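What the coordinates show
One-letter residues, chain by chain:
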Amino acid sequence: MEKNAFHLHLISDATGETLNSVAKATCVQFDNIEPIEHSYALVRSRRQLDRVLRKVEQDPGIVMFTLMSRELRELLEEKCRELGVPCVPVLDPVLNVFRTYLKTELTHRVSGQHELDAAYFNRIEALNFTMAHDDGQLPTDVNTADVILVGVSRTSKTPTCIYLANRGIKAANIPFVPNIPFPDDLIKAKKPLVVGLTASPDHLIQIRRNRLRALKHRSQTDYVDLDKVRAETQEARRLFMKHGWPIIDVSRRSIEETAAAIMNLLSAREQTADRPELIQRSGE
């Protein structure tokens, strides 16, 4: 069936991450549509907005925006009314709820979520840590990590760690290699949450074949042999269970979903630490 294409204009005075996430989450709820996205970030002046408005007039479509400036908002909304196109202030419903509940007025601060505060530098530190501890690097200090991901090849360990680092979580990853024992420092680590990542053999073989094809390697190898891969995943799962590590099957999960599951495990672990009585219950 032919998809219904339409123009989607995303206008932000910051990086546009919020708009992109909302637009993506919305579009996937409709079948047979194809948004032609036009993203405009850091729109903070009348001249910048004028260029955006000319593009909206040239390619009319749905307009979504996050602008804190009253002047720019009014100009944008007036132009959209003239063009007869929908104009959605994405953050307004949430901001209005906060303003009413907290009984306080908005600051209209532009890009306040990207200030160089302590949380920002914590994310930078976490990212540096993650890059230095990728794929088993520097295993002697893995006990300083918040999370250690252990998994067979091509279970998205590295991108998941990077995603976690962007949330301020120090994440390391160590590959599982058949018949090679885990580093002693990993087994002895007490502070980090260790999570085992696995996937179905069919899923792994498909990804691994694509990887070999990209590297122009021969495809006939134990790396993509069904029996070998099945034995590999079974051995990995057995060892994860032996050490009591939670296991996440990433076969049908996006990186974001895997990271969310890991953050849920971290949160549950912290709650258990705060409430010792839960430890006894969990072992009953």
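A brief structural summary. All residue numbers refer to positions counted from 1 along the written sequence of the respective chain. Thresholds applied to this predicted model are a pLDDT of at least 70 for local features of residues and 80 or more for the giving and counting of side-chain atom pairs; totals over whole chains, interfaces and linings are not thresholded and use all residues. Hydrogen atoms and water are omitted, and side-chain values are computed over all heavy atoms in the structure.

One speaks of a salt bridge when a side-chain nitrogen belonging to Lys or Arg is within 4 Å of a carboxyl oxygen belonging to Asp or Glu. For the structure shown, the criterion picks out nine salt bridges. Taken together, the salt bridges that share partners define one network made up of Glu57, Lys79 and Glu82.

Our next topic: the layout of surface pockets. Put plainly, a pocket is an open set of points on a 1 Å grid over the protein atoms alone with protein on both sides within 12 Å along at least five of seven lines, a cavity is a set where a 1.4 Å probe fits but cannot get out, and a lining residue has an atom within 4 Å of a point. Grid points are joined across faces, edges and corners, and a volume is the space filled by probe spheres set on the points. There is about 230 Å³ of room inside the second largest pocket. What lines the second largest pocket is a set of 15 residues, among which Ser153, Arg154, Thr155, Ser156 and Lys157 lie closest to the centre. Contributions of two or more residues to the lining of the second largest pocket are made by helix H6 (157-165) and strand S6 (171-175). The helix count covers DSSP runs of H or I at least four residues long, the strand count covers runs of E at least two residues long, and both are numbered beginning at the N terminus. The biggest single contributor to the lining of the second largest pocket is H6, with three residues.

Sheet architecture is open: four strands sit in the order S6-S5-S7-S8, paired in parallel fashion. The open sheet terminates on both sides in strands that have one partner only, identified here as S6 and strand S8 (247-249). Within the sheet, the average angular offset between the axes of one strand and its neighbour, ignoring direction, is 25°. Sheet topology note: the strand S5 (residues 147-151)/S6 ladder contains five bridges and is parallel. Directly across from Leu149, in S6, lies its bridge partner Asn173. Contacts are assigned to residue pairs that have any heavy atoms within 4.5 Å of one another. The axes used here are C-alpha line fits, helices contributing only the stretch in contact, and every angle between their N-to-C directions lies in the interval 0 to 180 degrees. Of the strands in this sheet, S5, S6 and strand S7 (193-198) touch H6, which is tilted by about 170° from S6. What makes two strands pair is DSSP finding at least two bridges between them.

Time to look at the packing of helix H8 (residues 201-215) against helix H9 (residues 226-242). When two helices pack together, their arrangement is given by the angle between their axes and by how far apart the axes lie. Relative orientation of the contacting elements H8 and H9 amounts to 120°, with a least axis distance of 9 Å. When the axis of H8 is compared with that of H9, the two are oblique. Helix-helix and strand crossings are classified by hand; for H8 and H9 the assignment is right-handed. The residues of H9 that touch H8, namely those facing Pro201, Asp202, Leu204, Ile205 and Arg208, are Leu226, Val229, Arg230, Glu232 and Thr233. Here the term charged refers only to Asp, Glu, Lys and Arg, the term nonpolar to Ala, Val, Leu, Ile, Met, Phe, Trp, Tyr, Cys and Pro, and the term polar to all other amino acids, Gly among them. Considering only residue class, the contact of H8 with H9 consists of five nonpolar, one polar and four charged. Roughly parallel refers to an angle under 35 degrees, roughly antiparallel to one over 145, roughly perpendicular to one between 65 and 115, and oblique to any angle outside these ranges. Here is the rule for handedness: rotate from the far helix to the near one, and if that takes an anticlockwise turn smaller than a right angle the crossing is left-handed, while a clockwise turn gives right-handed.

Turning our eyes to something else, we now look at the pairing of strand S2 (residues 33-40). In this structure, strand S1 (residues 4-12) lies alongside S2, joined through eight bridges in parallel fashion. Within S2, the position partnered with Leu8 by the bridge is Glu37. We call a crossover right-handed when, viewed with both strands directed away from the observer, the connection leading from the first strand over the helix to the second proceeds clockwise. Handedness of the crossover joining S1 and S2 through helix H1 (residues 17-27): right-handed.

Candidate patch residues must exceed 30% relative accessible area and have no salt bridge, after which like charges are joined if within 9 Å and Val, Leu, Ile, Met, Phe, Trp or Tyr side chains if within 5 Å. Accessible surface area values rest on a Shrake-Rupley calculation with a 1.4 Å probe, where residue burial reflects the displayed protein chains alone. On the surface, a nonpolar cluster with roughly 580 Å² of combined accessible area is contributed by Val94, Val97, Phe98, Tyr101 and Leu102. Its location among the elements puts Val97 in helix H4 (residues 92-102).

Let's shift gears to the nonpolar core. Across soluble globular proteins, nonpolar side chains show a tendency to be buried alongside one another. Residues grouped as a nonpolar core are buried Ala, Val, Leu, Ile, Met, Phe, Trp, Tyr and Cys residues, joined through side-chain atoms within 4.5 Å. Between buried and exposed lies partly exposed: a residue is buried under 20% and exposed over 50% of the maximum accessible area for its type, with that area taken using a 1.4 Å probe on protein chains only. Counting residues in each nonpolar core, the largest one holds 38 residues, and the members touching the most others are Ile148, Val150, Phe182 and Leu186. Counting only elements with at least two residues in this core, the list comes to S5, H6, S6, S7, H8, H9 and helix H10 (255-274). Here this core gets five residues from one element, more than from any other, and that element is H10. If we skip the residues at most four places from it in the chain, Val150 touches Lys157, Ile174, Phe182, Leu186, Val194, Val195, Gly196, Leu197, Phe240 and Trp245. One finds Leu49, Leu72, Cys80 and Val85 within the second-largest nonpolar core, a separate group that totals 14 residues.

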